[in-house]
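Residues per chain are reported as follows:
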Amino acid sequence: MKYLYHLIIKYPLSCLLIVVIWYLCFFTPPETKLNEVDYIDKWTHIVMYLGTCSVIWIEYLKRHTKVEWTKAILLAWLAPILMSGLIELLQAHCTNGRRSGEWLDVAANSIGVTLALVIGILVARYHGKA
């Protein structure tokens, strides 16, 4: 519990965005004309995870003088991908058919997370924290 409190205090925007992702993944979205755009849900997943993980990197780099790469990659790359897989499993098995779990969503989320990792690495190197 103390660790969770520490994360919320140190990374408030990142934590808020993670809560927003969980919320968005379990509510039933309204039908809009955007649903007619090919792969709009996959683009949404990429942008959602790219944005969230970019914020994670920004907050991490603001609070650290040097990147602890193992820790950073575990928390800013692997953890969001695992969270994504967990969300898809829960959607498939715990929403009574309202939402479907799709492995392509995990792939799209992984693309967003990986793009954020690349951006995080580049920003860390640019600021001499790598």
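Predicted model only: the values in this text are computed from it and were never measured.

**Student:** Explain the side chain of E59 residue by residue, including any values.
**Tutor:** Its place among the elements puts E59 in helix α3 (residues 40-63). Looking at E59, its side chain comes within polar contact range of the side chain of S14, at 2.5 Å. Beyond its immediate chain neighbours, meaning those up to four positions away, E59 contacts Y11, P12, L13 and S14.

**Student:** Mind laying out the pattern of salt bridges, listing which residues take part and the relevant values?
**Tutor:** By the definition in use, this model includes three salt bridges. A salt bridge links E102 to K42; the shortest N-O distance between them is 2.8 Å. Note that E102 is positioned in the loop between α4 (69-94) and α5 (103-126) and K42 in helix α3, a separation of 60 residues in sequence. Residues D105 and K42 are paired through a salt bridge, measuring 2.7 Å at the closest nitrogen-oxygen approach.

Definitions and cut-offs
Residues numbered from 1 in each chain as written. Predicted model: local features only at pLDDT ≥ 70, side-chain atom pairs only at ≥ 80, totals over all residues. Heavy atoms only, no water. Helix = DSSP H or I, 4+ residues; strand = E, 2+ residues; numbered from the N terminus. Polar contact = N/O pair within 3.5 Å; in protein donor to acceptor, adjacent residues only side chain to side chain. Contact = heavy atoms within 4.5 Å. Salt bridge = Lys/Arg side-chain N within 4 Å of Asp/Glu carboxyl O.

Function cannot be read off these values alone, since they describe shape.
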